[in-house]
Amino acid sequence: MYGNDFGTPDEPGRPGLLDQVADAERELRAAADRSVESEGGERYFEALVAADQKIEPRDWMPDGYRKTLIRQMAQHAHSEIIGMQPEANWITRAPTLKRKAILLAKVQDEAGHGLYLYAGAETLGVTRDSLYELLLAGKQKYSSIFNYPTLTWADVGAIGWLVDGAAIVNQVPLCRCSYGPYARAMIRICKEESFHQRQGYEILYTLAHGTPAQKAMAQDAVDRWWYPSLAMFGPPDTDSTHSEQSMAWKIKRFSNDDLRQRFVDMCVPQAQVLGLTIPDPELRWNAERGYHDYTHPDYGELMTVIKGNGPCNRQRMAHRRQAHEDGAWVREAAAAYAAKRREPVNA
């Protein structure tokens, strides 16, 4: 899947990412018509996972499975909400009214994605408020990528192409997640994210084929966002603490390094169409492996950002806490209205 409609083909023999989403949706519908014969409890859970069926909220599940899903879905939801900030920074400064309208729609989509995911997490027995309080208290994380600043309009394009592109590569396999509510939410989210990636790619394409100054601005944005985007896939497999069990439960389908490699291989031909250079002097095709060799991101920097010491960590959380405080009256009014609606009506 490419980030524009310029007619660049997908890799030969490999379905596009949106094709994979469509396949996952068909499999989800087909799975609903199949039954698994087994006793209840752990055996039934294991049979469902082995048969690529979906675990539903009322099914028995191990505590570790439930906790892993809550952690992952909460982090994903938090990332969608915090991720609105870097691009919202450019809504009032977008170069045209059309660009502004598109960016507004995209930021609105991200808010919706957060709501889908919080709602999905609630099916596991937690409340949205409790997850949000954990975020505000710094006890739950969000994606490290959103702790980098958006310095120019080209950064909005780089986020769309690279950040949303990495998110799609990461999230398309989640359409086949073993937990039904998460898989169903991801099908819709991935469809919408594909448009976000196209929007960013088109911004960069326009800049890269504009004036020399515009192309330089686009290249600068790609230079700054390339390695943080690679880091979005997490630490290398040898250092990942959750991947092995998540893959055994079929929450996750591919390892961090496998997904990172897919992303690199996808971006190389896209960058050629853009006329921009991926900032990696070691990037080259390895015919023996059938993949590109590339330089890994600085995982030390990744851990620094995750621990709260990135360029914008404090700014992002301060903004979110302030927004939460500013919205208190809306929540109170909504609660009062709901309580009034529950009161009996006297004839």
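Going by the structure above, here's the rest.
Quantities reported herein were computed from a predicted structural model and do not represent experimental measurements.

Caption draft 1: Quick look at the overall build of the protein chain. Tallying secondary structure elements over the protein chain gives 14 helices and two strands in all. In terms of overall dimensions, the protein chain is globule-like: its C-alpha atoms have a radius of gyration of 21 Å, near the 20 Å expected for 347 residues. Judged by the C-alpha coordinates and their principal axes, the protein chain covers about 70 × 50 × 40 Å. Taking all 347 residues of the protein chain together, 49% fall into the buried category. Across the protein chain, the fraction of contacts at a sequence separation of at least 24, relative to all contacts at a separation of at least 6, is 76%.

Caption draft 2: Structural detail: the nonpolar core. If you look at the biggest cluster of nonpolar residues, it comprises 86 residues, and the most contacted ones within it are Tyr-65, Leu-69, Trp-161, Tyr-179, Tyr-182 and Phe-263. The leading source of residues in this core is helix α7 (residues 153-171), at twelve residues.

Caption draft 3: Quick peek at the packing of aromatic side chains. A full pass over the atoms with the stated rule returns nine aromatic pairs. An angle of 20° between the planes, with centres 5.7 Å apart, marks the rings of Trp-226 and Phe-263 as stacked. In this pair, Trp-226 sits in helix α9 (residues 212-231) while Phe-263 sits in helix α11 (residues 256-274), placing the two residues 37 residues apart along the sequence. On the basis of relative accessible area, Phe-263 is assigned to the buried category, the value being 0%. An aromatic cluster is defined as three or more aromatic residues linked by ring pairs; in this entry it consists of Phe-45, Trp-60, Tyr-65 and Trp-249. A cation over an aromatic ring shows up here: Arg-262 above the ring of Phe-254, its NZ or CZ 3.9 Å from the ring centre.

Cut-offs and rules
- For every chain, the first residue of the written sequence is number 1, and numbering continues from 1 onward in sequence order.
- Totals for whole chains, interfaces and linings use all residues, but because this is a predicted model, local features are given only for residues with pLDDT of at least 70 and pairs of side-chain atoms are given and counted only at 80 or more.
- Side-chain metrics in this entry use all non-hydrogen atoms of the structure; hydrogen atoms and water are not considered.
- Runs of H or I in DSSP of at least four residues are treated as helices and runs of E of at least two as strands, each being numbered from the N terminus.
- The globule rule used for comparison is 2.2 Å times the number of residues to the exponent 0.38, while the radius of gyration itself is calculated over C-alpha atoms.
- Think of it in three bands: with a 1.4 Å probe and only protein chains considered, a residue is buried below 20% of the maximum accessible area for its type, exposed above 50%, and partly exposed in between.
- Whether two residues are in contact is decided by their heavy atoms: any pair within 4.5 Å suffices.
- The term nonpolar core refers to a set of buried residues drawn from Ala, Val, Leu, Ile, Met, Phe, Trp, Tyr and Cys, joined through side-chain atoms within 4.5 Å.
- Pairing of aromatic side chains requires ring centres within 6.5 Å, counting the rings of Phe and Tyr and the six-membered ring of Trp. Pairs whose planes differ by under 30 degrees are stacked, by over 60 edge-to-face, and all others tilted.
- Look at NZ for Lys and CZ for Arg. If either is within 6 Å of the ring centre and within 35 degrees of the ring normal, a charge sits over the ring.

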